[in-house]
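Analysis of the macromolecular model
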Amino acid sequence: RDALLAEPRVPPEAGMRRVEAMGDAIGEFIGQLSRESMSDESAHRLPEILRIARHHESAARFALEAARALAEPAAGPDTAAVGYPAFRAAAQRVLAGASPAAAPPDEQPREQAIAGFASAYDRFKSGLLASGARGDLPLATMECWLRAASALRRSLDETAKASTPTHRTTMPTATTHP
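Residues numbered from 1 in each chain as written. Predicted model: local features only at pLDDT ≥ 70, side-chain atom pairs only at ≥ 80, totals over all residues. Heavy atoms only, no water.

Quick notes on the overall build of the protein
The number of helices and strands found in the protein is six helices and zero strands. By the burial criterion, 37% of the 178 residues in the protein qualify as buried. For the protein, the proportion of contacts with a sequence separation of at least 24, taken over those separated by at least 6, is 85%. For the protein, the exposed surface amounts to about 10000 Å²; the carbon and sulfur share of it is 57%. (Helix = DSSP H or I, 4+ residues; strand = E, 2+ residues; numbered from the N terminus. Buried < 20%, exposed > 50% of the residue type's maximum accessible area, 1.4 Å probe, protein only. Contact = heavy atoms within 4.5 Å. Areas by Shrake-Rupley, 256 points an atom, 1.4 Å probe, with all protein chains shown as cover.)

Structural notes on the nonpolar core
With 27 residues, the main nonpolar core has Phe87, Phe117, Phe124, Leu128 and Trp145 as its most contacted residues. Of all the elements in the fold, those that place two or more residues in this core are helix 3 (40-71), helix 4 (84-98), helix 5 (107-134) and helix 6 (139-162). Considering every element that reaches this core, the biggest residue donor is helix 6, with nine residues. Setting aside its immediate chain neighbours within four residues, Phe117 contacts Phe87, Ala90, Ala91, Val94, Arg153 and Leu156. (Core = buried A, V, L, I, M, F, W, Y, C linked by side-chain atoms within 4.5 Å.)

Side note on the packing of helix 3 against helix 6
The packing of two helices is summarised by the inter-axis angle and the distance between the axes. Following both chains from N to C, one finds helix 3 and helix 6 inclined at 165°, their axes separated by 8 Å at the closest point. Put simply, helix 3 runs roughly antiparallel to helix 6. For the element pair helix 3 and helix 6, the recorded crossing hand is left-handed. Contact with helix 3, carried on its side by Arg51, Ile52, His55, His56, Ser58, Ala59, Phe62, Ala63, Glu65, Ala66, Ala69 and Leu70, involves Cys144, Trp145, Arg147, Ala148, Ala151, Leu152, Arg154, Ser155, Glu158, Thr159, Lys161 and Ala162 of helix 6 and no other residues of that element. Classifying every residue of the contact of helix 3 with helix 6 gives 13 nonpolar, five polar and six charged. (Axes fitted to C-alpha atoms, helices over the stretch in contact; angles between N-to-C directions. Parallel < 35°, antiparallel > 145°, perpendicular 65-115°, else oblique. Left-handed = near helix turned anticlockwise from the far one by under 90°. Nonpolar A, V, L, I, M, F, W, Y, C, P; charged D, E, K, R; others polar.)

Brief notes about the packing of helix 4 against helix 6
Following both chains from N to C, one finds helix 4 and helix 6 inclined at 15°, their axes separated by 10 Å at the closest point. Here helix 4 is positioned roughly parallel relative to helix 6, judged by the angle of their axes. Seen from above, helix 4 lies across helix 6 with left-handed handedness. Taken together, the residues of helix 6 that come into contact with helix 4 (itself represented by Tyr84, Phe87, Ala91, Val94, Leu95 and Ala98) are Trp145, Ala149, Leu152, Leu156 and Thr159.

Overview of the packing of aromatic side chains
Inspection of the entire model under this criterion finds seven aromatic pairs. Aromatic pair Tyr84 and Phe124: ring centres 6.3 Å apart, planes at 55°, arrangement tilted. Here Tyr84 is found in helix 4, whereas its partner Phe124 is found in helix 5, with 40 residues between them in sequence. Given the relative accessible area of 4%, Tyr84 is considered buried. Within the aromatic cluster, the residues linked to one another by ring pairs are Tyr84, Phe87, Phe117, Tyr121, Phe124 and Trp145. Positioned above the aromatic ring of Tyr121 is the side chain of Arg153, whose terminal nitrogen or guanidinium carbon lies 5.2 Å from the ring centre. (Phe/Tyr/Trp six-rings, centres within 6.5 Å; stacked < 30°, edge-to-face > 60°. Lys NZ or Arg CZ within 6 Å of the ring centre and 35° of its normal.)

Structure follows, in structure tokens:
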């Protein structure tokens, strides 16, 4: 989440290492669980837990891709000039409903936030292309922002997939038999 909404100048390399370590730890934990005795209900939830973890890892990778694009010198210093604040605000509304700490969201506001983000993405992308075509924005800058916007959109798509109410679950606990 922080990588998606951070100011676009510092790639979150350390954050990505934490996400990868978390993914590895989850995989190792599930591997240990699969060797232990557990209830059928817990065993059936393992694939869902892996699916959610993979979506979060993909979201982090896309956020890193966006941060890298915006860290390029060609991206330029002025995010307001290319309409980034409105795009970012729409992303924040989607993420507010996707937080693991949030109560299961009401589908209508969640879907409205997702649709609003899709519209903001289209406007942002169109604005970048128009600015580049008119010569108001250097083409290299436009390319950096287009790559970043696309990566941010994919990251939010992965975040939304991971946080759908039907996929919220808790980690199972292992039960050992002597």
